[in-house]
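Results of the structural survey
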Amino acid sequence: MAKCYRAELVGAFGCPIDENPTGVMEEAAFAAKGLNYRYLTIKVNDGDLKPAIEAVRAFHMRGVNCTIPHKVKVLEYLDELSEAASIIGAVNTIINNDGKLFGENTDGKGFITSLKDAGVGIEGKNITVLGAGGAARAIAVECALAGAKKVTIANRDKERGEELTKLISDKTPAEGAFILWDRPVEVPADTDIFVNATSVGLFPNVNDKPDVNYDTVTSRMVVSDVIFNDPHTLFLQEAEKRGAKTVNGLGMLVNQGAVNFTLWTGVEAPIDVMTQTLKDEFGL
Ligand code: NDP
């Protein structure tokens, strides 16, 4: 058989993108599985997305990740969407099936897998989410589709928070509820899983924590954070002090990358290699 010198191409489109570590993690995974794939971290400015997506087809790229500011705009250039991506209204992963581009959102799936790995299921649970931005939308919708009973959104911006709450109630089988975040959040007593999906605590602001009455966190709750650098956030430390089980944001990051890996290659992702690569990259 003739030797193939052509690598399969995947990558990420975004701006800013220079500090995005996903490529290191995916390349380590390709190497571990002996796959001739390359992950290209590509700067695509706002306004240049259309030709960039055309290039995905022209270069026969197997797929790409989309990040800031393209996650919503990209929908108009795709041929098909997953149910979750369509409800969330944002795509972070594209799969190129012979020129037909399929849009998926793997952030929420990564979150659910990270909980599953910690022995925590979603079905029948009451979930309280801080924030209503991209990560919060993906987590809230995916949990609602995965069988959560109720998803409560707490957000500063009323319109944004209420819009997400209505989306949960109208487009998923779960009940949606809203808390206006204009004072320290009182975590509803029936909460099973409490999630920080805001950007509070992200490096370099590691001394910040969401404005919550932490005495309303109880030991029967599972508490999770989307922040992955540094993953041992003050938010999680407060929860630990109240005896809650905690799940950090590194698992979500690795697992959404693992879902992408499998969507592109059809091969099971080497999670351990991916986790260790990111830990090394973050100096953890
Ligand atoms: P967005 O900008 O879309 O949303 C940010 C959210 O945070 C908004 O709801 C905003 O509230 C809220 N917020 C920001 N500052 C505060 C504050 N001081 N108090 C209360 N709420 C605040 O960002 P994303 O959703 O895309 O990202 C959020 C975080 O999630 C980032 O840190 C990102 O790194 C992380 N992330 C982690 C992933 C992982 O795999 N672990 C995957 C994806 C994202 P308002 O609407 O009121 O402005």
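Residues numbered from 1 in each chain as written. Predicted model: local features only at pLDDT ≥ 70, side-chain atom pairs only at ≥ 80, totals over all residues. Heavy atoms only, no water.

You'll find the protein entered in an unreviewed UniProt entry as Shikimate dehydrogenase (NADP(+)), with Zongyangia hominis given as the organism. Database annotation for the protein, UniProt heading Subunit (unreviewed entry): "Homodimer." Taken directly from UniProt, the Pathway (unreviewed entry) text for the protein runs: "Metabolic intermediate biosynthesis; chorismate biosynthesis; chorismate from D-erythrose 4-phosphate and phosphoenolpyruvate: step 4/7." (UniProt positions renumbered as here; feature names shortened; annotations may be inferred.)

Things to note about the pairing of strand β5 (residues 93-97)
Strand residues, when the strand is regular, have side chains that alternate between the two faces of the sheet. Taking burial as the measure, the five residues of β5 include four buried ones, the bulk of the element. Here three bridges tie strand β3 (residues 63-66) to β5, and the two strands are oriented antiparallel to one another. Its bridge partner being in β5, N65 is matched across the sheet by T93. When β5 meets strand β6 (residues 100-104), the two strands line up antiparallel, connected through five bridges. Bridge pairing in β6 links I95 to F102. Hairpin remark: β5 followed by β6, antiparallel, with two residues in the connecting loop; positive phi at D98, about 50°. (Buried < 20%, exposed > 50% of the residue type's maximum accessible area, 1.4 Å probe, protein only. Helix = DSSP H or I, 4+ residues; strand = E, 2+ residues; numbered from the N terminus. Pairing = 2+ DSSP bridges.)

Things to note about the domain arrangement of the protein
Interfaces are often described in size by the accessible area the parts lose on coming together. According to the domain assignment, the protein contains domain 1 (8-105 + 252-282) and domain 2 (108-247). Computed from C-alpha atoms alone, the centre-to-centre distance between domain 1 and domain 2 is 25 Å. If you look at the interface, domain 1 gives 11 residues, while domain 2 gives 18 residues. Contact between domain 1 and domain 2 buries roughly 1400 Å² in total, counting both sides, with carbon and sulfur atoms accounting for 69%. (Domains from an automatic or database assignment. Contact = heavy atoms within 4.5 Å. Buried area = accessible area lost by both parts, 1.4 Å probe.)

Re the layout of surface pockets
In this model, the second largest pocket occupies a volume close to 180 Å³. Residue lining of the second largest pocket: S114, D117, A118, T246, V247, N248, L250, G251, V254, N255, I271 and T275, and that is the complete set. Examining the composition of the lining of the second largest pocket, we find that four residues originate from one element, helix α8 (residues 249-265), more than from any other. Here the residues of the lining of the second largest pocket are counted per class, giving five nonpolar, six polar and one charged. When we break the lining of the second largest pocket down by domain, the ones giving at least three residues each are domain 1 (8-105 + 252-282) and domain 2 (108-247). (1 Å grid on protein atoms, 1.4 Å probe; cavity = no way out; pocket = protein on both sides within 12 Å on 5 of 7 lines; lining within 4 Å. Points joined across faces, edges and corners; volume = space filled by probe spheres on them. Nonpolar A, V, L, I, M, F, W, Y, C, P; charged D, E, K, R; others polar.)

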